Amino acid sequence: MSAISKVLADEEKPQQMPTRGAFYFYPRFLWKSLGVATDGSWLFYGWMTLLTGIALVGANAWAVQVRDGMILTNMSDHVSWGLYIANFTFCVGLAAGGVMMVIPAYLYDDEEMHHLVIIGEAVAVAAILMSTLSVVVDLGRPDRFWHLIPIIGKFNWPMSMLTWDIIVLNGYLLINLHIVGYLLYMQYLGRRPDPVWYVPFVFLSILWAFSIHTVTAFLYCGLGGRPFWNTALLAPRFLASAFVSGPAFILIVMRVIRLTSDWQWSPRPARTLIQIIRIAMVINLLMLVSELFTLFYTGSGHAASARYLFFGSHGGAGLVVWIWSAILMNIAGTVLFFTPAALQRGNIRMLACLLCIAGIWIEKGMGLVIPGFIPSTLHEVVEYAPSLTEWKITAGIWAFGILVLTILIRLIEAVHMKRLANPVDHHMN
Amino acid sequence: MGLAAWATALQPLTEWAGDLSVDEFLQKHYRELKPEEKQAIFRRLEAECREAHGVNVKISDPQPNEGVQFAYALNLSICIGCRKCAEACTIENNHDRKTNNSYIRVFEMEMGGIDFEKGDATYEHPVPQPGKFYMPVQCQQCENAPCVTACPIQATWQEKDGIVVVDYNWCIGCRYCEAACPYHARRFNWEKPTIPAEVINPDQGYLSNRIRPQGVMEKCTFCLHRTREGRMPACLEACPTGARVFGNMLDPQSEIRWVIENKRTFVLKEELNTKPRFYYFFDE
């Protein structure tokens, strides 16, 4: 929790608040935020304890993995990336998807969305933290992390796509932290945010959101030796699926907020998101079909991974169940999103969200990262299924991300409901 | 209480960090080291090896020779698939003996085409089998190496004589190079290599066959600790049929030059434009 406050503090320091007494108000804001973040009902305590417990299990599994080596994962020289990088890819999409609230709010001036857009930004912050952690746990030598820091280390920029990804992901994190931090602090002070301090960043964040998932796709599709990834459709597919999983995740978060607090709003913002999901999901499925047609109809060697993924080959069929369940979930979710019930506040909508999130998580992970390695570049079929260590660490990362998100959302909600406000500054407006 | 829980969960990290020295943590990239810094590092690594295995090793650092561009060629007509090359690689390069790792994988291929999809690298029967030919694959030392481009921290690069090397003390183990390599030439140290003291090869190169740390990448270096000093790679010396040809392709008198000029050679996955320095050919 103190980490969050610290991050907010780091964000605001260079801002040079145009008020007298910012040095007085700001620490008070942080102190009160800490109070809000750590105070709540028994349900809240139970939830936070559960998340902390899972995060601890993950942290311990990671520490053991660092000590004993990545032999504790089920990765091999044939399948050299696994669950961690799969989850990384999905989380980047989740972060990029948050932009689908920003666009209606700022490009189409949707007034109500304006009030809720901060939720999407909070999701983006948590998702970026999760994707960064997913990469860190995938490193064989996390102690040499400093080699990745530009100038101090030896950054292979602009050649290596991974360096681009590091830049865009960290940039996106900073932009979103700034926007969230600034808007919250201004609301806390009871002042109208000065557009100069956040609108340019909002527009930057729109471009940046596209860049994070595009560059992440370039990580894969830039590799000529992996025909399954080496397709120009990869980045557009990543974006389309992100614009489903992101809004779907936000819809769930919005539901939780409405159920657990007094913060209410009209059904309109959610409907806007559902319209976006409908279009994005159809485009996503269309591109998937186009990809599969090219692979299977041509029937060339390029289809080897797709054959293994969808039907199994050379006696291996480890991913067949995964991909078909993903396809079924994606189709079922899409159909549900198109029913009128999805526009109502109800369980159908939540089910549709969950189906699409799970479907895309598999499609982007087990269905995309793993088959890139099977068969290997020399056509050997070595299968992969995550080990217990990998599941524990991944669960820990999710628990940590949701923990951060819970705290952010509580702060946002408290500020919005004026439970967290600066009593001195209130009448200044 | 919260802090105590985190400390306990992360306890294994302190056990691991016990093996790391501050010098190693702060060590600069190989190409930024001054000669005296290099010497200090080599002596430190030798001492660490003495401590860990009780073996006196010599870590050298032979530099690329002027006017040398190494190339390798392999005669597929006479390779019998005995895997002596792969075994010699394991011994020479101080590979992990739990897995008997090797930089060379030998594929048993079906006559009538060069189709890896019909190949098998896990055969366990007498060789050569009728209707089959054998295709050893190792690092192709590409002139246009995708692994070098991929590496985010320049931990792997191409030397002047064409050999692609890894600084094992700089690599962070992200394995992007392993994903980028079209030839399955790279290996990762999934755990600390196990190697009995009596089989350790004491003649070690800093950029080649020294015992690798846990969590970093490694690859074939054309045995640079041998070849830069005028010897042949271990895999070539071990080959009982003389299928392997190695040398400086800039030397007009060399056998490798003769093969490249006179045989109908081919390289693997030419369409990827990686420009391998590893040529395959058949006798007429």
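Criteria and thresholds
- Residues numbered from 1 in each chain as written.
- Chains lettered and ligands numbered in written order.
- Predicted model: local features only at pLDDT ≥ 70, side-chain atom pairs only at ≥ 80, totals over all residues.
- Helix = DSSP H or I, 4+ residues; strand = E, 2+ residues; numbered from the N terminus.
- Rg over C-alpha atoms; globule rule 2.2 N^0.38 Å.
- Buried ≥ 20, exposed ≤ 12 C-beta atoms within 10 Å, placed from the backbone.
- Contact = placed C-beta atoms within 7 Å.
- Nonpolar A, V, L, I, M, F, W, Y, C, P; charged D, E, K, R; others polar.
- Pairing = 2+ DSSP bridges.
- Axes fitted to C-alpha atoms, helices over the stretch in contact; angles between N-to-C directions.
- pLDDT = per-residue confidence, 0-100.
- Expected span 1.5 Å × (residues − 1).
- Arc of directions from axis to C-beta.
- Left-handed = near helix turned anticlockwise from the far one by under 90°.

Enquirer: Please explain the overall build of chain A as it appears in this structure.
Expert: Per the secondary structure count, chain A includes 14 helices and zero strands. Mapped from its N terminus to its C terminus, chain A presents α and β elements in the order α-α-α-α-α-α-α-α-α-α-α-α-α-α. In terms of C-alpha radius of gyration, chain A reaches 22 Å, essentially the compact-globule figure of 22 Å for 429 residues. Summarising its shape, the C-alpha atoms of chain A cover approximately 75 × 55 × 45 Å along the three principal directions. In chain A, which comprises 429 residues, the proportion classed as buried is 51%. A separation threshold of at least 6 residues defines the contact pool for chain A, and within that pool the share at least 24 residues apart is 79%.

Enquirer: Teacher, can you tell me more about the interface of chain B and chain A here?
Expert: Accessible area lost on assembly of the parts is the figure often given for the size of an interface. Contacts between the two partners involve 49 residues from chain B, matched on the other side by 42 residues from chain A. Secondary-structure elements contributing two or more residues to the side of chain B that touches chain A are helix 1 (2-9), helix 2 (11-17), strand 3 (105-110), helix 6 (146-150), helix 7 (176-180) and strand 7 (186-188) of chain B. Looking at the side of chain B that touches chain A residue by residue, the class counts come to 32 nonpolar, nine polar and eight charged.

Enquirer: Could you clarify how one ought to interpret the environment of Leu83 of chain A in this entry?
Expert: Residue and element names in this part refer to chain A. Locating Leu83 in the fold gives a position in helix 4 (residues 83-97). The class for Leu83 is buried, based on 26 C-beta atoms found within 10 Å. For the pair formed by Leu83 and Ala385, sequence separation is 302 residues and the distance between their alpha carbons is 8.4 Å.

Enquirer: Just to check I follow, could you spell out the sheet that holds strand 10 (residues 244-248) of chain B for this structure?
Expert: Residue and element names in this part refer to chain B. With respect to topology, three strands assemble into an open sheet ordered 10-2-11, the strand pairing being mixed. The open sheet terminates on both sides in strands that have one partner only, identified here as strand 10 and strand 11 (278-281). Between one strand and the next, the sheet's axes are offset by a mean angle of 20 degrees, whatever the strand orientation. In this sheet, strand 11 lies alongside strand 2 (residues 70-75) in parallel orientation, the contact comprising four bridges. Of the residues in strand 11, the one forming a bridge with Ala73 is Tyr279.

Enquirer: For this particular structure, what's the right way to read the pairing of strand 4 (residues 132-137) of chain B?
Expert: The side chains of a regular strand alternate, residue by residue, between the two faces of the sheet. Residue and element names in this part refer to chain B. Taking burial as the measure, the six residues of strand 4 include five buried ones, the bulk of the element. Bridging between strand 3 and strand 4 involves six bridges; their strand directions are antiparallel. Paired with Met109 across the strands is Phe133, a residue of strand 4.

Enquirer: Any chance you could explain the confidence of the model for chain A here in plain terms?
Expert: One rule of thumb: low pLDDT means the predicted coordinates there are not for detailed reading. Residues and elements named next belong to chain A. On average, residues of chain A score 91 in pLDDT, and 93% of them reach the 70 mark or higher. Across residues 1-17, where pLDDT falls below 50, the model places 20 contacts with residues more than four positions away in sequence or in other chains. Between residues 425-429, whose pLDDT stays under 50, and residues either more than four places distant or in other chains, the model counts seven contacts.

Enquirer: Which parts of the structure should I look at to understand helix 12 (residues 320-338) of chain A?
Expert: Residues spaced three or four apart along an α-helix face the same direction, because each turn holds 3.6 residues. Residue and element names in this part refer to chain A. The terminal C-alpha atoms of helix 12, which comprises 19 residues, lie 27 Å apart, in line with the 27 Å expected from a rise of 1.5 Å per residue. Every buried residue of helix 12 is accounted for by Ile323, Ala326, Met329, Asn330, Gly333, Thr334 and Phe337. The arc enclosing the buried residues of helix 12, seen along the axis, measures out at 130 degrees, which places them on a common side. The exposed set on the far side of helix 12, more than 90 degrees from its buried face, consists of Val321 and Leu328.

Enquirer: How do you make sense of unusual backbone geometry when you look at a structure like this?
Expert: Apart from glycine, the bulk of residues carry a negative phi angle, and the bulk of peptide bonds sit in the trans form. That bond from Trp157 of chain A to Pro158 of chain A is cis: its omega, 10 degrees, falls within 30 degrees of zero. Tracing the backbone through its elements, the reader meets Pro158 of chain A in the loop between helix 6 (111-136) and helix 7 (161-189). Following Val127 of chain B, the chain continues into Pro128 of chain B via a peptide bond in cis, with omega recorded as -5 degrees. Position of Pro128 of chain B among the secondary structure elements: in the loop between strand 3 and strand 4. Backbone geometry places Ile151 of chain A, a non-glycine residue, at a positive phi of 75 degrees. For Ile151 of chain A, the position within the fold is in the loop between helix 6 and helix 7. If you check the backbone angles, Lys418 of chain A has positive phi at about 65 degrees while not being a glycine. Take Lys418 of chain A: it is sitting in the segment after helix 14 (388-416).

Enquirer: Explain the packing of helix 10 (residues 268-298) of chain A against helix 12 of chain A here, please?
Expert: Two numbers describe a pair of packed helices, the interaxial angle and the distance between the axes. Residue and element names in this part refer to chain A. One can describe the packing of helix 10 onto helix 12 by two numbers: an axis separation of 10 Å at closest approach and a directional angle of 145 degrees. Every pair of crossing elements has a handedness; the one defined by helix 10 and helix 12 is left-handed. Listed contacts from helix 12 to Ile274, Ile277, Arg278, Met281 and Leu285 of helix 10 are Asn330, Thr334, Phe337 and Phe338. Within the contact of helix 10 with helix 12, the residues separate by chemical class into six nonpolar, two polar and one charged.

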